[in-house]
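Summary of structural features
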Amino acid sequence: MHAFDVLGDPVRRRILELLADGEMTSGAVCAVIQREFEISQPAVSQHLRVLRDNGFADVRPEGTRRFYTVRHEPLRDLDAWLGRFRGFWAPRLDALATELARGRRERRLAGQEPPEDDRSSS
């Protein structure tokens, strides 16, 4: 299965997001995914298997529990492939960041916006 086929499914993307925060038991993953997507435990297990079989997740058995973690290598490969296309959007995002900063600065100078330090406490 191609990496984009694996990650094209929103359930599998969400599982990877959960695992990005650290190792989780299959039961914990199932609980979140069942609640968010209203799918059965066997369906969640199938998604975990697809991630594992395609190298996106590792499983570590400990007694009757299974602990899942993200494997970063396939994600690095995807990032490298996407890097060829970053030139299309990176300058636009940089320009947007510049315009946002300029607008904040102008509002601050006009007395319409509190300084950076004051905004974080509100």
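Anything mentioned here points back to the structure above.
Everything quoted here is computed from the prediction, not taken from an experiment.

1. Concerning the overall build of the protein
- Across its full length, the protein carries seven helices and three strands.
- Listing each helix as α and each strand as β along the protein from the N terminus yields α-α-β-α-α-β-β-α-α-α.
- Whereas a compact globule of 122 residues would reach a radius of gyration of roughly 14 Å, the protein reaches 21 Å, over 25% beyond that.
- For the protein, the C-alpha atoms occupy an extent of roughly 60 × 35 × 25 Å along the three principal directions.
- Here the protein holds 122 residues, and 25% of them are scored as buried.

2. Quick notes on helix H4 (residues 41-53)
- End to end, H4 covers 18 Å across 13 residues, agreeing with the expected 18 Å (1.5 Å per residue, within 8%).
- Inspection of H4 places Val44, His47, Leu48, Val50 and Leu51 among the buried residues, and these make up the whole buried set. When H4 is viewed along its axis, its buried side chains cluster within an angular range of 155° and face the same direction. Opposite the buried face of H4, at more than 90 degrees from it, the exposed residues are Pro42 and Asp53.
- Check the buried side of H4 and you find it contacts helix H1 (3-7), helix H2 (10-20), helix H3 (26-37), strand S2 (57-62) and strand S3 (65-70).
- Once H4 ends, the next one or two residues include Gly55, with phi positive near 85°.

3. Structural notes on the pattern of salt bridges
- The full count for this structure, using the stated rule, is ten salt bridges.
- Here Glu17 makes a salt bridge to Arg14, at a shortest N to O gap of 3.4 Å. Of this pair, Glu17 and Arg14 both sit in helix H2, separated by three residues, roughly a single helical turn.
- Classification of Glu17 as partly exposed rests on a relative accessible area of 45%.
- Note that Asp79 is salt-bridged to Arg86, the shortest N-O span being 2.1 Å.
- Residues joined in a network through salt bridges with shared partners are Asp58, Arg71, Glu73 and Arg76.

4. Looking at the pairing of S3
- Across two bridges, strand S1 (residues 24-25) lies against S3 in antiparallel orientation. Note that in S3 the partner of Met24 across the bridge is Tyr68.
- Pairing of S2 with S3, which is carried by six bridges, proceeds in the antiparallel orientation. The residue of S3 that forms the bridge with Val59 is Tyr68.
- Between S2 and the antiparallel strand that follows it, S3, lie two residues; Gly63 among them carries a positive phi value of about 65°.

5. Things to note about the environment of Ala80
- By secondary structure assignment, the location of Ala80 is in helix H5 (residues 72-83).
- Under the relative-accessibility criterion, Ala80 is labelled exposed at 54%.
- For the pair Ala80 and Gly22, spaced 58 residues apart in sequence, the C-alpha to C-alpha distance is 23 Å.

Reading the values: the criteria
Residues numbered from 1 in each chain as written. Predicted model: local features only at pLDDT ≥ 70, side-chain atom pairs only at ≥ 80, totals over all residues. Heavy atoms only, no water. Helix = DSSP H or I, 4+ residues; strand = E, 2+ residues; numbered from the N terminus. Rg over C-alpha atoms; globule rule 2.2 N^0.38 Å. Buried < 20%, exposed > 50% of the residue type's maximum accessible area, 1.4 Å probe, protein only. Expected span 1.5 Å × (residues − 1). Arc of directions from axis to C-beta. Contact = heavy atoms within 4.5 Å. Salt bridge = Lys/Arg side-chain N within 4 Å of Asp/Glu carboxyl O. Pairing = 2+ DSSP bridges.

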